[in-house]
Amino acid sequence: VCRAPPSAETPLVLAATERLQVAFRDVSRCTTLVDAGITGNAGNASGEELRELAWPLVQPSFHEEKGRDFERLRNHRGSPRRVDGIRRLLPAAFGGRLDTLIVSLDDHIWGLYDSSNDALVHQDLRRIGDEDLLDRVAVEALLRGTRVYAVHRDEIPTKEIATGLLREKNTH
């Protein structure tokens, strides 16, 4: 009855007439179905229009989850599960070991990373062929199911420009 969302935690917003929403909710087993939906005929709406209508419905739960994740990260200060700095975050992201990642939107770390031999080269100034390693760690983490937050530096709950929390051993 419903196509599975990208992850078990992704909220699902229905866009349909009220009658169809009631019928769908009666037969759906989706556990992430948002209580409110987008009412009306959404057949001609663009993806961007639907996103704009859906965001106010999911925003409160997103901010709650973000708050919980940031608090968990603060609570793991000094813990082996807390990972700070690009040198430790890149292999954890490539290995699928990150549960949560927070990176700064305000900064760049230029360089290259070779995951096959864990070789990292970074410098202060961008050179030809370099990539932003903050972008790289975020993309690799997202591809492996990590919750990733790209926020302004003053929102990061640590003094680092990139920080994360490893998955619990029994969950991955």
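Residues numbered from 1 in each chain as written. Predicted model: local features only at pLDDT ≥ 70, side-chain atom pairs only at ≥ 80, totals over all residues. Heavy atoms only, no water.

Let us now look at the pairing of strand S9 (residues 162–166). For S9, a buried count of five out of five residues is recorded, marking the element as mostly surrounded by other parts of the structure. Taking every second residue as pointing to the same face, both faces of S9 are buried, with Ala162, Gly164 and Leu166 on one and Thr163 and Leu165 on the other. One ladder, built from three bridges, connects strand S3 (residues 82–84) with S9; its direction is antiparallel. Within S9, the position partnered with arginine 82 by the bridge is leucine 165. Bridge count between strand S4 (residues 98–104) and S9: five bridges; the pairing is antiparallel. Across the sheet, the residue bridging to threonine 100 is leucine 165, located in S9. (Buried < 20%, exposed > 50% of the residue type's maximum accessible area, 1.4 Å probe, protein only. Helix = DSSP H or I, 4+ residues; strand = E, 2+ residues; numbered from the N terminus. Pairing = 2+ DSSP bridges.)

With 93% of its residues at a pLDDT of at least 70, the protein chain reaches an overall mean of 88. In the model of the protein chain, strand S1 (residues 15–16) stands out as the element of lowest mean pLDDT, 86, in contrast to S4, which has the highest, 97. (pLDDT = per-residue confidence, 0-100.)

Here we come to unusual backbone geometry. Phi is positive for aspartate 118, close to 55°, though the residue is something other than glycine. Here aspartate 118 shows up in the loop between strand S5 (110–114) and strand S6 (119–123). Look at aspartate 118 and you get partly exposed, because its relative accessible area is 30%.

A few words on the sheet that holds strand S7 (residues 131–132). The strand order across the open sheet formed by three strands is S6-S5-S7, and the pairing between neighbours is antiparallel. Looking at the sheet topology across the chains shown, the edges are occupied by S6 and S7. As defined by bridge partners, S5 adjoins S7 across two bridges and the pair is classed as antiparallel. When the bridges of S7 are listed, glycine 111 appears paired with glutamate 131. Running at roughly 40° to S5, helix H3 (residues 86–94) makes contact with S5 and S6 of the sheet. (Contact = heavy atoms within 4.5 Å. Axes fitted to C-alpha atoms, helices over the stretch in contact; angles between N-to-C directions.)

On to the pattern of salt bridges. Pairs can form between side chains of opposite charge once their charged atoms are near each other. Following the criterion strictly, the structure yields 16 salt bridges and no others. Measuring nitrogen to oxygen at the nearest pair gives 3.2 Å for the salt bridge that ties arginine 72 to aspartate 69. Linking arginine 72 with aspartate 69, this pair stays in helix H2 (residues 47–75), spanning three residues, or about one helical turn. A network of salt bridges, in which partner residues are shared, links Glu65, Asp69, Arg72, Asp99 and Arg147. (Salt bridge = Lys/Arg side-chain N within 4 Å of Asp/Glu carboxyl O.)

Here phenylalanine 94 shows up in helix H3. On the accessibility criterion, phenylalanine 94 (18% relative accessible area) is buried. Spatially, the C-alpha atom of phenylalanine 94 lies 7.1 Å from that of serine 115, the residues being 21 residues apart in sequence. Look past the residues within four positions of phenylalanine 94 in its chain and what remains in contact with it is Tyr113, Ser115, Arg136, Glu140 and Arg144.

Bringing the packing of aromatic side chains into the picture now. Throughout the structure, instances matching the rule amount to four aromatic pairs. Relative to tyrosine 149, the ring of phenylalanine 70 lies with its centre 5.5 Å away and its plane at 85°, an arrangement referred to as edge-to-face. With phenylalanine 70 in helix H2 and tyrosine 149 in strand S8 (residues 147–151), this residue pair connects regions lying 79 residues apart in the sequence. Accessibility expressed as a relative area gives 5% for tyrosine 149, which makes it buried. The interplanar angle of 50° and the centroid separation of 5.3 Å between the aromatic rings of phenylalanine 94 and tyrosine 113 together place this pair among those described as tilted. Taken together, the residues phenylalanine 94 in helix H3 and tyrosine 113 in strand S5 connect sequence positions 19 residues apart. Pair check on accessibility: phenylalanine 94 and tyrosine 113 agree, each one buried. (Phe/Tyr/Trp six-rings, centres within 6.5 Å; stacked < 30°, edge-to-face > 60°.)

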